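Here is what each chain is made of, one letter per residue.
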Amino acid sequence: MLHPTGKDHRELLLTAIRHTLFGTPLDPEDFRCCDWDAFFSLAMEQTVMTLALDGIDGLPKDVKPGFNLVLRYANIMLTTEKKNAHINAVLISLYRQLKESGFSPVIMKGQVAAANYPNPMHRQPGDIDVWFPDAKEAEKAIDMAKRNYKCRWMPGEKEVSFEWKGVTIELHRRIADMQYKPYQRFLQQAISDLMSSCPQREVEINGVTIAAMPSLLTMLHQLLHIEYHVLREGIGLRQFCDLAVFLQRYSEEIKGRHSRKEIQRLIDGCGISDVAAAVGHILHSELNLPMEHIPFRTSENGAELIMEDIWQGGNFGKLLTARYEGYGFIRRKIVMTPLHWKRYRRYRHLLPNEAFANFISKFGRAAKGVK
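Residues numbered from 1 in each chain as written. Predicted model: local features only at pLDDT ≥ 70, side-chain atom pairs only at ≥ 80, totals over all residues. Heavy atoms only, no water.

### Overview of the overall build of the protein
Note the threshold: In this text, helices come from DSSP runs of H or I with a minimum length of four residues, and strands from runs of E with a minimum of two, each type numbered from the N-terminal end. Only protein chains enter the accessibility calculation, which uses a 1.4 Å probe; a residue is then buried when its area is under 20% of its type maximum, exposed when over 50%, and partly exposed in between. Should any heavy atoms of two residues lie within 4.5 Å, those residues are considered in contact. Surface accessibility in these figures is a Shrake-Rupley result with a 1.4 Å probe; residues are shielded only by whichever protein chains are displayed.
Check the secondary structure of the protein and you find 15 helices and 6 strands. A principal-axis box enclosing the C-alpha atoms of the protein has dimensions of 60 × 50 × 45 Å. In the protein, which comprises 371 residues, the share counted as buried stands at 53%. Taking the intrachain contacts of the protein between residues at least 6 apart in sequence as the baseline, contacts between residues at least 24 apart amount to 69%. Entry remark: accessible area of the protein is about 17000 Å², with carbon and sulfur atoms responsible for 51%.

Written out as structure tokens, the structure is:
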């Protein structure tokens, strides 16, 4: 529903987030008649509550939500800060132990993504993702984890996960997979080439230097992560924020080392050129990331479909799949098949080969007991 200002709570949430991420000016009058319950509910669904709170912090007192409402949601901000502090401490402890044991871990997503935000403590945290680029190291680390922890894993899968100090740890053999075999071969070779030819990125967390993926590989990985979830149950706004702040900070470095033609060839070879172009359009049109910070082709084709999914499905499509949470593994696979078929048909024009290969692969994975 539109407010007297002509803007709905979705647009107001985006306005607040743009202000938080990039300092984009906001007009207090736009928020004067805001439905704050709807605004905060949407922010919760998209796991960007603290970004939204930061965005409206500078509004005049007579425009801000009432004291009781702010107090209720301010507790979420404090909780987010405490979670980030705890996960940072666990990450540093885990990273040091792995290094002392002779491993060369690379940290992905999560806390290294948070480091690009104006306030890293205000990105809602998740798991700790650790990648071992050396295959032998990866198997050694996974074997060690399976001996010491109750792990969720299947032979050949790209990651193994377990709980440690109240945090989910995922150990990765591979950072991403494509189900269409030509794309998979290209992707895995590209990952190897970029790791060997590009300088490794370093991120400082609590004064400790953490190894991260090279900049171009990080950008590719974020695009692949969005593609993966767009094609499955859905994606949320937070992942677009992650990519936007990353590109704001690192796009010049990427363009300084790689030509636009080289970057586009990499994206095309993985089979994600059309969905990546739609993602780029969303970064610019919805989050106001300047075009000069987007080093790949953009197009509005498919962007509206993805934005519909973001608003309707919430973070990772959980609003659409919540009804299946209590189901057993086999029953969930059966009842989710129509949803996956619908998404295959929805996005086959953006991912014609991968969408079909992904849908077919679900049956083989279900037979192995893999999610």
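### Some thoughts on helix α11 (residues 273-285)
Because an α-helix packs 3.6 residues into every turn, residues spaced three or four apart end up facing the same way. What counts is decided by this rule: An expected span of 1.5 Å times one less than the residue number is assigned to each helix.
With 13 residues, α11 ought to run about 18 Å at 1.5 Å a step, and its terminal C-alpha atoms sit 18 Å apart, in line with that. The secondary structure elements touched by the buried residues of α11 are α8 (215-231), α9 (237-257), α10 (260-269) and α12 (303-313).

### Observations regarding unusual backbone geometry
Within the chain, Thr47 stands out as a residue other than glycine whose phi angle is a positive 55 degrees. Mapped onto the secondary structure, Thr47 falls in the loop between α2 (36-45) and α3 (49-56). On the accessibility criterion, Thr47 (9% relative accessible area) is buried. If you check the backbone angles, Phe316 has positive phi at about 55 degrees while not being a glycine. With respect to the helices, strands and loops of the structure, Phe316 is situated in the loop between α12 and α13 (318-321).

### Structural notes on the environment of Leu14
Within the secondary structure, Leu14 sits in helix α1 (residues 9-22). As for Leu14 and Ala357, which are separated by 343 residues in sequence, their C-alpha atoms are 34 Å apart. Leaving out residues up to four positions away in the same chain, Leu14 has contacts with Leu237, Glu286, Leu287 and Trp311.

### Brief notes about the sheet that holds strand β2 (residues 128-131)
Defined as follows: Here, strands pair whenever DSSP counts at least two bridges between them. Axis definition: a line fitted to C-alpha atoms, over the contacting stretch in the case of helices. Angles run 0 to 180 degrees between N-to-C directions.
Taking strand neighbours across the sheet as the criterion, the 4 strands line up as β1-β2-β4-β3 in an open arrangement whose pairing is mixed. In this open sheet, the two strands that pair with only one neighbour each are β1 (106-108) and β3 (159-164). If you compare each strand with its neighbour and ignore which way they point, the axes differ by 30 degrees on average. One ladder, built from 4 bridges, connects β2 with strand β4 (residues 167-172); its direction is parallel. The partner of Val130 across the bridge, within β4, is Leu171.

### Side note on the nonpolar core
As a reminder of what qualifies: Among buried residues, the Ala, Val, Leu, Ile, Met, Phe, Trp, Tyr and Cys ones that are joined through side-chain atoms within 4.5 Å form a nonpolar core.
Residues Leu13, Phe39, Met219, Phe240, Ile272, Leu283 and Ile306 are the most contacted members of the largest nonpolar core, which totals 86 residues. Not counting chain neighbours up to four residues away, the residues in contact with Ile272 comprise Met178, Leu220, Leu223, Leu224, Glu227, Ile267 and Leu351. Ranked by size, the runner-up nonpolar core spans 31 residues in total, among them Leu91, Ile128, Ala145 and Val203.

### Some remarks on the pattern of salt bridges
To keep things clear, this is the line we draw: Only one rule defines a salt bridge in this text: a Lys or Arg side-chain nitrogen within 4 Å of an Asp or Glu carboxyl oxygen.
Across all of its chains, the model carries 15 salt bridges by this definition. One salt bridge connects Asp129 with Lys109, and the closest N-O pair in it is separated by 3.8 Å. Of this pair, Asp129 sits in strand β2 while Lys109 sits in the loop between β1 and α5 (110-114); the two residues are 20 residues apart in sequence, bridging distant segments of the chain. Assessed through its relative accessible area of 5%, Asp129 is described here as buried. A salt bridge links Asp274 to Arg297, with the shortest nitrogen-to-oxygen separation between them at 3.0 Å. Taken together, the residues span a long stretch of sequence, with Asp274 in helix α11 and Arg297 in the loop between α11 and α12 at a distance of 23 residues. On the basis of relative accessibility, which here comes to 35%, the residue Arg297 falls in the partly exposed class.

### Concerning the packing of aromatic side chains
Put simply, the rule reads: Within 6.5 Å between ring centres, the rings of Phe, Tyr and Trp (the latter by its six-membered ring) count as paired, and their orientation is classed by plane angle as stacked under 30 degrees, edge-to-face over 60, tilted in between. Only when the NZ of Lys or the CZ of Arg is both within 6 Å of the ring centre and within 35 degrees of the ring normal is a charge said to sit over the ring.
Evaluated as defined, the whole model comprises 14 aromatic pairs. Lying across the ring of Phe103, Lys140 places its NZ or CZ 5.6 Å from the centre. Its end group placed over the ring of Tyr228, Arg232 keeps NZ or CZ at 3.6 Å from the ring centre.

### What to know about the packing of α9 against α11
Going by this rule: Each angle is binned into one of four classes, with values under 35 degrees roughly parallel, values over 145 roughly antiparallel, values of 65 to 115 roughly perpendicular, and all other values oblique. By the convention adopted, Pro, Cys, Tyr, Trp, Phe, Met, Ile, Leu, Val and Ala count as nonpolar, Lys, Arg, Asp and Glu as charged, and the other residues, Gly among them, as polar.
Their axes nearest at 10 Å, the elements α9 and α11 cross at an angle of 80 degrees. Considering the angle they form, α9 stands roughly perpendicular to α11. In contact with Phe240, Leu243, Ala244 and Leu247 of α9, α11 contributes Val279, Ile282 and Leu283. Class assignment for the residues of the contact of α9 with α11 results in 7 nonpolar, no polar and no charged.

### A short note on α1
Definition in use: For the purposes of these results, a polar contact is taken to be a pair of N or O atoms within 3.5 Å, where, inside protein, one atom must be able to donate a hydrogen and its partner to accept one; residues adjacent in sequence count only when each atom of the pair is a side-chain atom.
Here α1 contains 14 residues, and its C-alpha end-to-end distance of 20 Å stays within 8% of the 20 Å for a straight helix at 1.5 Å per residue. Of all 14 residues that make up α1, 10 are buried, and the element is covered over most of its length. Among all positions of α1, only Leu12, Leu13, Leu14, Thr15, Ala16, Ile17, Arg18, Thr20, Leu21 and Phe22 are buried. Elements that come into contact with the buried residues of α1 comprise α2, α3, α9, α11 and α12. The N-cap residue of α1 is Asp8: its side-chain oxygen and the backbone nitrogen of Arg10 are 3.1 Å apart. Where α1 terminates, the next one or two residues include Gly23, which has phi positive at roughly 70 degrees.

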